[in-house]
Amino acid sequence: MAKAITQIRRVDPTPEELQAQSITKIIGALAENGESIIKMLDIVSQLDQTGILDALDAILKKRVDVAEIMIQQMNQPTMHKIMKNGMNIFKFLGSLNPEQIRMLMDGVGHGIDKATARESDDKKTSLWSLGKAMKKPEVKESLTMMVSILEGMGESLQREKDHVH
Amino acid sequence: MTEERFSILINGKELSAKSGQTVLQVAQDHDTYIPAVCYHPNLGSIQTCDTCFVNVNGEMKRACVTKAEPGMKVDSLSEPIKDAQYEAMSRILKNHELYCTVCDNNNGNCVVHNTAEYLEIEHQKYQFEPKPYPADNSHPFYRYEPDQCILCGRCVEACQDLQVNETLSIDWDREAPRVIWDDDVPIDESSCVSCGHCVTVCPCNALMEKSMLGEAGYLTGIPQNVLEPMIDITKEVEPGYKEIFAISEMEASMRKERIKRTKTVCTYCGVGCSFEVWTKGRKILKIEPQEEAPVNGISTCIKGKFGWDFVNSEERLTQPLIRRGDEFVEASWDEALTLIASKFRAIKNEHGADALGFIASSKCTNEENFLFQKFARAIIGTNNVDNCARYCQSPASSALMRTVGIGGDSGTIRDIEQSDLVITIGANPAESHPVLATRVKRAHKLHGQKLIVVDLRENELAERADLFVHTKPSTDMIWLNALSKYFLDQGWEDKEFLRSRVNGLEDYKKSLEKFTLEYAEKHTGISKKILIQMATMIHEAKSVCMLWAMGITQHMGGTDSSTAIANLLLITGNFGRPGTGAYPLRGHNNVQGACDFGTMPGWFPGYEAVEDDEVRARYEKAWEVKLPKDPGYDNHQMVEGVEKGDLKALYLFGEEMAIVDSNINYVDKNLENLDFFVVQDVFFSKTAQFADVILPASPSLEKEGTFTNTERRIQRLYQVFEPMGESKPDWQIFQELANKMGANWDYKHPSEIMAEVAGLATYFAGVSYERLEGFNSQVWPVKKNGESTPLLYQDKFAFPDGKARLVPVDWTKPHDIGEAFDFHLNNGRLLEHFHEGNLTGRSEGINHKVHEPWVEISPEQAQERGIKDGALVRLTSPYGKVKVRAVVTDRVQGKELYLTMNAQKDNEMVNRLTSSYFDYITHTPNYKEAGVKLEILEDEGPSPLPDKNHRFGNRIPQISVRVEDKWRREDFTPIPELFKLGGDEFGESYHAN
C-alpha cells in the first residue's frame, strides 16, 4: 500500500558544506593559474595605492547616475559640435593621400629649416630681394601649389553655395 | 509532373529558373542578392517595401512579383535601379530610427539593418517622424512599437494568410498608418492567439518578444533615462550610417559569443515543429523559427513559441527521492538505483518477469523509448511495455495496419495542404495541432481547398468549413459506411484502383448492406441531403485527405471507426497520390516515435511482431539474451493486472497516468496497491505521489535525441542547457540502471542507440545522425541509402501482395451509462495549454490567457437550467465527480457538454468522470463516451475564461495587407515615376507557396 503523498524532505547541504565546495573550486582555479594571479594581484595593489580603485568603485556603484550626468553633458549643442568636428576632422584626415601629405610635410619641414637658418643671418629682407626670390623655381613651385590649394578650395565652396541655392 | 527549367540573365550571369518562379526567387536560389525587405519565402510577395525594383528587359519592375521567363534580362545594379532601391529604403527609414547598437534586434539577422547597409544608406533622406501612438505592451509575450514599424506588412501577411488568424491589418486610411489588432484594440484584448508569427517575421524591432528586450545586446539593458539621450546624440551628430553600421556589426558579432542558438524540436503536440532556441546562460531569450524547418517553416503556436518556462522552473525535480514512511527523502543516484535494482530483482525472482510492468513516455526521445523496451525485454525479460498511444491513436494505427499496412499518416503536411478536399473528423486541429491547422486554413482561404468538418463541437475549423456536420456522439462509423455504400451504389467508386490495388471488395460490399442513407440519418442525425452533399464533395474532389483524432478513436468501436475511414478512402481511390490519404493526428511530440521504437507489448521497433520467431532471433542475437515470446500487457491490462495481483511493480517515465488515464479513481487505487513503483519525471507529478522511488529526468532542452512527428518524420534535437541539478537524460538513467542489474551497456551518445536501431529494424535502416544533421529530417520507411518515404503506397500497399484490404466493420454501440446521466460529456485540449497543463501551467503568460478548466454548456441548456457564465456546477458520473465553472457558448449544442482538460486540481479532472470501458480491439479507453448529471452549485460567478482571451476577439479577415490601399494614398508616388525606366504594372498581391 503506497498512498499518494506530497511531503518531500530535502537534504539541503549545510552552509559549511556549500562553502567548502566553492572553496575547493576556487583553490583549484588558483593553483592552475598561479603566476598570472600573482601578477594580477601586483597590478591591483598598484592601482589601489594610486587611489584608482576607490574611484572605479564609486563610479561602478553609481553607474546609472554617472552615466546620466555624462550623457546629459554630452547631449549639449557644444558637445554635438565637438563630436561632429571631431568626426569631420577624422573624415578629412581619412580622405587625404598619405604620399602627397608626406611630400607636403617634407616640404614644410625643409622650409622651416630654411626659415630658421635665415633668422640667424639677422639681415633685413628688402622688397627687391623678395621680388627676385619669386623668380626662383623653388619659390615658384611652392606658390603654384598654394594657389592650386586656394583654387580647389574655391571650387568646393562654390559647389556648396550652388547646393544651398 | 515535370517542371520546366530554363535560364535567365541576372546582372550578366546566367541562372537556371523553374517555371512559376519570380525573378527574386531565382536570384535567391543562386545566392544572388537583390534587396527585399517585405518579401519572405514563407509568406510570398507583399509589395510594400519597393526595395526589390530591378530592370527587367528595359522596364523597372518589382523582382518579387515578376515571373521569370526564358531569356529574360535582369539588372539590379545599374545606377537608376540602385537609385530607385535607395529611394525605397529612404522611405522605409522615415518610419524607423536606426539605433542599432542599442537595439535588441541587432543580431546579424535584422533585415532593415542589412538592407540599409547593402544600399549604402549614408543619411536620413527623409526626416524620421515618430507616429502619434504609444507602444503597445499589453500582451504578456510581445510588444508593438509603432515608432519603429516600417509598415512592410509582413506581420499582417503572416497573421492573415499563413497563420490565418486574421487579427492584424494595417489601417492605411489614417494620416499615420499603423498595424492594428482587430478593430484597433490593445493586443491583449484582441483575437490574437499568441502564435508569434508576426513577431518572428518582423524585419526589425517593431514587434519583439518581451523576453528579448533589454537582454540581447550588451548595451540594450541601459535604463531609459540614459538610452534616450544616447539615441538623441547619435541622431544629432549623425556621423553617417556607415559608421553606425560598423559599430553595430561589431556589437552584433560580440552578441554571438554569448547568445547560443540551438536547434530543437517542439515537445508539445505531434506536428513536429522545429526551431532555434536562443539562450543567454540559462535564460531563454526567444524561440526563433527558421524557413528551413521541414514541417513548420516559421510557424509556431503559443506553446512552441512562448511556453518554455517550465524548463527553468524552480519546481523541477533535481534529486532522486525515496519514499520513507509518509514522506519522500532525497537520496543519491547510487542509493536510488541500487534500491530499484534490488527490488526489481527480488520481484522477478519471486513472481517472475511478467510481474513487472513498464510504461514509456511519448514526450521522450526515440532513443529513450528504444532503450526502455530493451530494458524491459532484455534485462527484465517481459513484454509488459506500453506507451500512451494506448490512450489515443492505437485504434487508428491498428485500423491502418489492417487496411493499408502501415500505422501512420499516409503522407506529410505537404499533402494535406495541396489536397482538394480535407475532411476532419472528431478533431480540433486549430487548438490541438495548431500549425498543421494553419496549412489547412491557408489552403482553404487562398487556394480553393474545400473543407468538411464533422464534430460534436463547432470548433474553429468548423466555423471556417464549407460544410460543418454535427453528428450524434459515437456514430461516425455509420455515416462513413453509408458514404462508402452510397459511392458504390452510384457507381462512383474508383474502379480501376479497386481492381488493381485492393482486395476484399465483395465481402466489404456485403457488409455495407444495412448502411443505407436512411439508417445513417436515423442513427447519426445527419440528414440524407447532407450525406449526399458530403458524398458529392468527395466525388468531385481530385484528392481527399481525411484527418481524425480522439473523437474517432476514444470509443468502444474506435478501431472500427478508423477502419471505416480507411475503407472509404480506398473506395474513393484516395491513397498513394499526392494530396490524398489517412491522417490520424498524433497528440504528443513523440507518440509516433514511442510506438515506432518498440514500447508496445506486441511489437519490436519498426512494428515487427514479438511472436515472430525470425524477428525475435534477430534481436536475441544482437542483444545476446533469450527474449519472451508472448505479447505483454498494455497500459490498461497493467492496471487490471495490479488489481488481479499479477503485476507487482511498475516503472513509469514521463507519463501522467494518475491524471490522464480513464477512470482515475480506479487507477489511483491500483497505483496504491503496487508493491513497488518507480516514477521518472521532470516534475513531482500527481503520479509521482504514488511512487516508492522518484528519479529526476531532464527535459528535451537538456539532452540530445530524436523525435518522430505525426508525419513519420524523424528530427534531431540538440542540447541547449546542462541538466538541472542532479537530473539526468532518461537514456542515461536507463543505462545506469541496466548496468546496476548486470548489463554492460556503453552508449556514449544517443547516436549510438540510433545506429543500433538502424541495424535491427528495416523501417529505419538508413536513419543516422549524420543524415539528420541540423534541420535535415528523414521520413520512415528509410531505405539503407537514406532515402525517405514521405508519401506511402505510391506503388504498393504494405502487404506481401502489395494490395490494400477492405475490412468489413460494424457499429459498436457506445457504452450506455444510464438515463440518470442525461448529459453527454465530451472533453479535449485547449490551444493555450498542452494536455493537463503540467508544463504550460508553469508559464505566467499562458496562465494570464487561460488559468483554469471550464465546462462548455449550450445556450439552450443554459437558459433551461438558469446557468450563466461563471456558474459553478457539479458533474457526476457513475465513477466520480468534478466541480468546475461554466462557459455558455454555442460551440456546443443541446445536452452535449465539453470539459477542458487543463486541470491540475483533483476535483476538476475530467477522468474522475470517465469509465473503464474501452475499444474492444486496442483497449483504448472510451474517454468520449461519458455521461454525467449536472447540478448547479452557484448560479453565477467569475468567468473561468479570462476576458483577455482570443475567444472574445473580433477577427478582421482580409487577403494580405491590402497594399493597393497604400498605393492609393495621396502621399504615395510610385517609384518608377521618379526614375527614368518606364512604368510598372501593379498586380494583385501574390502568394507563393
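Bear in mind the structure is a predicted one, so any value in this text is a computation, not a measurement.

Enquirer: Would you take a moment to explain the UniProt feature "domain: 4Fe-4S Mo/W bis-MGD-type" (unreviewed entry) in chain B for this structure?
Expert: Here, UniProt's "domain: 4Fe-4S Mo/W bis-MGD-type" (unreviewed entry) annotation points to residues 259–315 of chain B. Helix makes up 9% of residues 259–315 of chain B and strand 33%. Its end C-alpha atoms lie 26 Å apart.

Enquirer: Which parts of the structure should I look at to understand the interface of chain B and chain A?
Expert: Quoted interface sizes are often the accessible area lost when the parts come together. Between chain B and chain A, the contact holds 25 residues from the first and 23 residues from the second. Across the chain B/chain A interface, buried area totals approximately 2400 Å², and carbon plus sulfur atoms make up 61% of it. Of all residues in chain B, I233, E330 and E672 of chain B give up the largest surface area on contact with chain A, accounting jointly for 23% of the area buried on that side. Viewed at the interface, chain A and chain B are joined by 3 salt bridges. A salt bridge links E330 of chain B to R10 of chain A; the nearest nitrogen and oxygen atoms lie 3.4 Å apart.

Enquirer: What exactly am I supposed to notice about the nonpolar core here?
Expert: Across soluble globular proteins, nonpolar side chains show a tendency to be buried alongside one another. Residue and element names in this part refer to chain B. Within the largest apolar cluster, 162 residues are counted, with the highest numbers of intra-cluster contacts made by F344, F358, F375, I425, Y651 and L695. If we skip the residues at most four places from it in the chain, I425 touches V454, D476, W479, L480, M546, L547, W548, A549, I552 and I565. With 49 residues, the next largest nonpolar core counts L93, A158, L162 and L207 among its residues.

Enquirer: Please explain the sheet that holds strand β5 (residues 73–75) of chain B as it appears in this structure.
Expert: Sheets are built from strands that pair by backbone hydrogen bonding, the pairs being arranged parallel or antiparallel. All names here are of chain B. Spatially, 5 strands are ordered β2-β1-β5-β3-β4 in an open sheet, and the strand pairing comes out mixed. Each having just a single partner strand, β2 (13–18) and β4 (59–62) make up the two edges of the open sheet. Averaged over all adjacent pairs, the angle separating strand axes in this sheet is 40°, with direction ignored. Pairing analysis gives 6 bridges linking strand β1 (residues 5–10) to β2, with the strands arranged antiparallel. The partner of F6 across the bridge, within β2, is A17. Its contacts with the sheet place helix α2 (residues 79–93) against β3 (53–56), β4 and β5, and it is angled at close to 155° to β3.

Enquirer: Hey, could you run me through the environment of P790 of chain B in this one?
Expert: Residues and elements named next belong to chain B. Looking at where P790 falls in the secondary structure, it is placed in the loop between β30 (777–779) and β31 (804–805). P790 sits in the partly exposed class, given a relative accessible area of 39%. Here the alpha-carbon distance between P790 and R829, two residues 39 residues apart in the chain, equals 28 Å. Not counting the four nearest positions on each side in its chain, P790 is found in contact with S410, G411, T412, R712 and V779.

Enquirer: So what exactly am I meant to see when it comes to the packing of helix α2 (residues 34–49) of chain A against helix α3 (residues 52–61) of chain A here?
Expert: Helix-helix packing: each pair is described by the crossing angle between the helix axes and the interaxial distance. Residues and elements named next belong to chain A. Following both chains from N to C, one finds α2 and α3 inclined at 85°, their axes separated by 5 Å at the closest point. If you check the angle between α2 and α3, you find them roughly perpendicular. Of the residues in α3, those touching α2 at V44, L47 and D48 are I52, L53 and D54. Among the residues forming the contact of α2 with α3, the class breakdown is 4 nonpolar, no polar and 2 charged.

Enquirer: Honestly, the packing of aromatic side chains in this entry has me stumped. Any pointers?
Expert: Describing an aromatic ring pair means giving the distance of the ring centres and the angle of the ring planes. All names here are of chain B. Taken as a whole and judged by the stated rule, the model has 38 aromatic pairs over all chains. Ring geometry for F372 and Y651: centres 5.3 Å apart, planes at 75°, overall edge-to-face. One end of the pair, F372, is in helix α10 (residues 366–380); the other, Y651, is in strand β25 (residues 649–653), and 279 residues separate them in sequence. Residue Y651 is classed as buried on the basis of its relative accessible area, which comes to 0%. Relative to F764, the ring of F597 lies with its centre 4.6 Å away and its plane at 15°, an arrangement referred to as stacked. In this pair, F597 is assigned in the loop between α23 (591–596) and β23 (603–604) and F764 in the loop between α29 (750–760) and β30, connecting sequence segments 167 residues apart. In this pair, the class of F597 matches that of F764, namely buried. Grouping aromatic residues by their ring pairs yields a cluster made of F344, F358, F372, F375, Y651, F653, F676 and F734. In this arrangement the basic side chain of R457 is found over the ring face of Y898, its NZ or CZ atom lying 3.7 Å from the centre. Positioned over the ring face of F683 is R842, at 3.4 Å from the centre of the ring.

Analysis parameters
Residues numbered from 1 in each chain as written. Chains lettered and ligands numbered in written order. Predicted model: local features only at pLDDT ≥ 70, side-chain atom pairs only at ≥ 80, totals over all residues. Heavy atoms only, no water. UniProt positions renumbered as here; feature names shortened; annotations may be inferred. Helix = DSSP H or I, 4+ residues; strand = E, 2+ residues; numbered from the N terminus. Contact = heavy atoms within 4.5 Å. Buried area = accessible area lost by both parts, 1.4 Å probe. Salt bridge = Lys/Arg side-chain N within 4 Å of Asp/Glu carboxyl O. Core = buried A, V, L, I, M, F, W, Y, C linked by side-chain atoms within 4.5 Å. Buried < 20%, exposed > 50% of the residue type's maximum accessible area, 1.4 Å probe, protein only. Pairing = 2+ DSSP bridges. Axes fitted to C-alpha atoms, helices over the stretch in contact; angles between N-to-C directions. Parallel < 35°, antiparallel > 145°, perpendicular 65-115°, else oblique. Nonpolar A, V, L, I, M, F, W, Y, C, P; charged D, E, K, R; others polar. Phe/Tyr/Trp six-rings, centres within 6.5 Å; stacked < 30°, edge-to-face > 60°. Lys NZ or Arg CZ within 6 Å of the ring centre and 35° of its normal.

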